[in-house]
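Working through the structure, step by step
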Amino acid sequence: MNRLAQESSPYLRQHAENPVDWWPWSPEAFEEARRRDVPVLLSVGYSTCHWCHVMAHESFEDEATAAQMNAGFVNIKVDREERPDIDAVYMAATQALTGQGGWPMTVFLTPDAEPFYAGTYFPPREGLGIPSFGRVLGSVSGAWTTQRDKMLGNAQALTAHIQEASAPRRGEDPLPDGATGLAVERLRRVYDTDLGGFGGAPKFPSPATLDFLLTQSAGRDMALHTLRRMGAGGIHDQLGGGFHRYSVDAQWLVPHFEKMLYDNAQLARTLLRAFQVSGDGAFADLARTTLGYLEREMLSAESGFFSAQDADTPTDHGGVEGLTFTWTPAEIREVLGAGGDTDLALRAYGVTGEGNFLDPHRPEYGRRSVLHLPTPVSQLTRDLGPDVPARLEAARARLLAARQARTQPGTDDKVLTSWNGLALAAFADAARVLGDTQLLEVARQNADFVRRELRLPDGTLRHTYKDGQARVEGLLEDHALYALGLVALFQAGGDLAHLTWARELWTVVRRDFWDAEAGVFHSAGGRAETLLTRQAQGFDSAILSDNAAAALLALWVDRYFGDPEALDIARRTVQSFAGDMLAATGGFGGLWQAAAFLEAPHTEVAILGTPAERAPLERAAARHFLPFTALAFTGPGGDLPVLEARPGGGQAYVCMDRACQLPTHDPATLERQLQGLDAG
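Residues numbered from 1 in each chain as written. Predicted model: local features only at pLDDT ≥ 70, side-chain atom pairs only at ≥ 80, totals over all residues. Heavy atoms only, no water.

Here the focus is the state of the cysteines. Summed over all chains, the structure comprises two disulfides. The partner cysteine of Cys49 in its disulfide is Cys52, sulfur to sulfur 2.4 Å. Taking the sign of the S-S torsion, 80° for the link of Cys49 and Cys52, the bridge is right-handed. For the pair formed by Cys49 and Cys52, the shared burial category is buried. (Disulfide = S-S within 2.5 Å. Buried < 20%, exposed > 50% of the residue type's maximum accessible area, 1.4 Å probe, protein only.)

What follows is about the sheet that holds strand S20 (residues 629–634). Strand order in the open sheet formed by four strands is S20-S19-S21-S22, with mixed pairing between adjacent strands. The sheet is open, and its two edges are formed by S20 and strand S22 (659–660), each paired on a single side. Each of strand S19 (603–608), S20 and strand S21 (651–656) touches helix H25 (residues 611–622); the most contacted strand, S19, lies at about 150° to it. (Pairing = 2+ DSSP bridges. Helix = DSSP H or I, 4+ residues; strand = E, 2+ residues; numbered from the N terminus. Contact = heavy atoms within 4.5 Å. Axes fitted to C-alpha atoms, helices over the stretch in contact; angles between N-to-C directions.)

Between helix H20 (residues 496–512) and helix H21 (residues 546–561), the least distance of the axes is 10 Å, while the angle of their chain directions is 130°. Relative to H21, H20 is oriented oblique. H20 and H21 meet at a crossing whose hand is left-handed. Here H20 contributes Leu499, Ala502, Arg503, Trp506 and Val509 to the contact with H21, which in turn contributes Ala550, Leu553, Ala554, Val557, Tyr560 and Phe561. (Parallel < 35°, antiparallel > 145°, perpendicular 65-115°, else oblique. Left-handed = near helix turned anticlockwise from the far one by under 90°.)

Here we come to helix H19 (residues 476–493). Helix length check: H19 (18 residues) gives 25 Å between terminal C-alpha atoms against 26 Å at 1.5 Å per residue, within 8%. Across the 18 residues that make up H19, a large majority, 18, are buried. (Expected span 1.5 Å × (residues − 1).)

So, about helix H10 (residues 220–232). Quick reminder: α-helices carry 3.6 residues per turn. Residues three or four places apart thus point the same way. Compared with an ideal rise of 1.5 Å per residue, which puts 13 residues at 18 Å, H10 spans 19 Å between its outermost C-alpha atoms and is within 8% of the ideal. The complete set of buried residues in H10 reads Arg220, Met222, Ala223, Leu224, Thr226, Leu227, Met230 and Gly231. The elements touched by buried residues of H10 are helix H8 (179–189), helix H9 (207–214), helix H11 (261–278) and helix H12 (281–297).

Right, let's get into the sheet that holds strand S9 (residues 306–309). The sheet built from five strands is open, its strands ordered S8-S9-S14-S15-S16 with antiparallel pairing. The open sheet has two edge strands with one neighbour each: strand S8 (259–260) and strand S16 (469–473). Most of the contacts of helix H17 (residues 417–434) go to strand S14 (residues 411–416), to which it runs at about 90°, and overall it touches S8, S9, S14 and strand S15 (462–466).

Along the polypeptide, Asp512 turns up in helix H20. Judged by its relative accessible area of 18%, Asp512 falls in the buried class. A distance of 2.7 Å separates a polar atom in the side chain of Asp512 from a polar atom in the side chain of Arg511. (Polar contact = N/O pair within 3.5 Å; in protein donor to acceptor, adjacent residues only side chain to side chain.)

This part takes up unusual backbone geometry. Here the residue pair Trp103 and Pro104 is connected by a cis peptide bond, since its omega of 5° sits within 30 degrees of zero. Looking along the chain, the bond that leaves Ala201 and enters Pro202 is cis, with omega of -10°. Residue position: Pro202 is located in the loop between H8 and H9. In this model, Ala113 sits at a positive phi of 70°, which is unusual for a non-glycine residue. A relative accessible area of 12% means that Ala113 is categorised as buried. With phi around 55°, Ser206 is a residue other than glycine that occupies positive phi space. Secondary-structure assignment places Ser206 in the loop between H8 and H9. For Ser206, a relative accessible area of 30% puts it in the partly exposed group.

We now examine the nonpolar core. Core analysis: the biggest nonpolar cluster contains 170 residues, and Leu486, Trp506, Phe521, Tyr560, Met581, Trp592 and Val605 have the highest contact counts within it. Those residues in contact with Trp592 that lie beyond four places of it in its chain are Leu175, Ala179, Thr180, Ala183, Phe212, Met581, Leu582 and Thr585. (Core = buried A, V, L, I, M, F, W, Y, C linked by side-chain atoms within 4.5 Å.)

Here we take up the environment of Asn75. On the secondary structure map, Asn75 appears in strand S3 (residues 74–79). Overall, the relative accessible area of 0% leaves Asn75 in the buried class. Note: C-alpha distance between Asn75 and Gln156 (81 residues apart in sequence) is 21 Å. Those residues in contact with Asn75, other than ones at most four positions away along the chain, are Val20, Asp21, Trp22, Trp23, Leu41, Met69 and Asn70. Reaching out from Asn75, the side chain makes a polar contact with the side chain of Asn70 at a distance of 3.4 Å.

Counted according to the given criterion, the structure contains 41 salt bridges. Here Arg296 makes a salt bridge to Glu297, at a shortest N to O gap of 2.9 Å. The exposure class assigned to Arg296 is partly exposed, which follows from its relative accessible area of 40%. On the basis of relative accessibility, which here comes to 18%, the residue Glu297 falls in the buried class. Across the pair Arg623 and Glu671 runs a salt bridge whose closest N-O atoms are separated by 2.6 Å. With a gap of 48 residues between them, Arg623 in the loop between H25 and S20 and Glu671 in helix H26 (residues 667–675) connect regions that are remote in the sequence. For Arg623, a relative accessible area of 52% corresponds to the exposed category. (Salt bridge = Lys/Arg side-chain N within 4 Å of Asp/Glu carboxyl O.)

Okay, the pairing of strand S11 (residues 318–321) next. Sheet topology note: the strand S10 (residues 312–315)/S11 ladder contains four bridges and is antiparallel. Counterpart to Asp312 in the pairing with S11 is Glu321. In this antiparallel pair of consecutive strands, S10 and S11, the connection spans two residues.

Two elements in contact, helix H14 (residues 340–348) and helix H15 (residues 377–384), have axes whose closest approach is 11 Å; the angle formed by their N-to-C orientations is 140°. Where H14 crosses over H15, the two elements pack in a sense that is right-handed. Residues Leu344, Arg347 and Ala348 of H14 pack against Leu380, Asp383 and Leu384 of H15.

These results come straight from atomic positions and should not be treated as a statement about function.
Below, the structure is given as structure tokens:
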């Protein structure tokens, strides 16, 4: 019996019609494994994962394979986005056994949930040195029957290894003086000076690292060049805005086509910072179109942001990767007609008969083109005339309308609190930097939604929401990332209630996740389900690590409320990971941001008065990149130290290390004062 139909996760529901007797993760599933005396087959993935779909079609929908799974195992399906705590534990096992990880993840467990064999994607037939899934099932089932003691010994040894590797270790030595400069130098060694980004193919956006580089004057060139190359590449959706998951090549050309909320929220914020640093309006335009995509396609009627959109376009015979997003010359001509605009679009977007993309699993759909900008629009304008930008924008709008009429990839419409915190921060920053009140309203409504639907009476948060149900005990990432979003919302809108809520969430983070003895934060709280181990993660995955988020939140709490304990916790967290940060610089962009924050002077900018009185001063402040400055753009009053009973009436106060310049009503004077605070 397949038990997934009643689950809230769209990923689990995708497998509800499989002939596999799937169980959700539950004590009952492991009890069934004990009763039957069989191992557990744990399959972990997510709804927009291309290779998860491939393995599902090849194996989980196959009657013979399902029969083999059902006969030899209790089969558990987990959505890694819904249960990142489970995913992290068994990903550690998979990496320990195979030297690599990824999804789909296939892990074989004892009935006591201890792993003894693991892998990622297994094909239906052997090839390229990878055993077939059927062979793996037979071998594991046979070994369980004939070599049980060996399997149990492997499980115990691997479990001990995971527990030892994940045990927090007190950091003995702080980062050396000038460590942030050293980090920039080390990143430059792996920087691609031509194409941007770090290392070779595949290339990931790495927004946490880019954000760190933007805080360092010596590293800004790397971040800005990378963002420009990404914006011109196929990883950027040239028609609809937003960014795909990653580029399979080093050129940012051919993406893996799924679109994730976390990528787009983080990159929008990074682009806004790049705009402030450089003054280049192209970065602001990219941020606007990215947020426009999120608002258009990823925002629920309740004001929660959905998780992801699929890489595959569904057809009658299975999914085809990228079919919605790619084009042939004939399709362009069909939309734009014959003439100069078609020729311009073909040239501008690099669409050719040879194409640059082919779904290897569906070659019958032929070679197609991922839209990109091989020639800068400025160069096309010089070559073809000043009307090129307007003509190209008109063509883009028509092509997007035609694309929207195509069959669309599926959307994972669950709402994750942590990722919504990233989106909240992006919309709030955009409202402040771009002066857009509509974006501020999106942010405010999201905060209202999360408070209404995902906050419990004791102040803790749930992790996931769908169909009116908030589920899963909130993790560190939920509380820390949403609190950081609330700090950004206060900075944009000036409502002290949002900053107070952020401080409340810090209280939860401090109480439920901080390990004072080890000097780190655990990813899951003490009230969460007991797994083999509690992770304490400092390495950034697709988003900055939850220890980095918690450290940054601690620093904001100290900046706004004068909390020396929070400041000490932030210092200790960075120190605990200092050795790892120096050994693998590119994987710790979030903690490097916290390190830069700790190095930065204590700066404050308060602009007090009514919204109308503050507006010209806020516009002046918006042009400056002040990532570590306590901004308070609000009415007079309140008990924040930064307000200090200062009068309003449209006055700005700029302070550094508790020494303040003369208050001013004049935007030009404020501009001069802020030049001394700009980051880097």
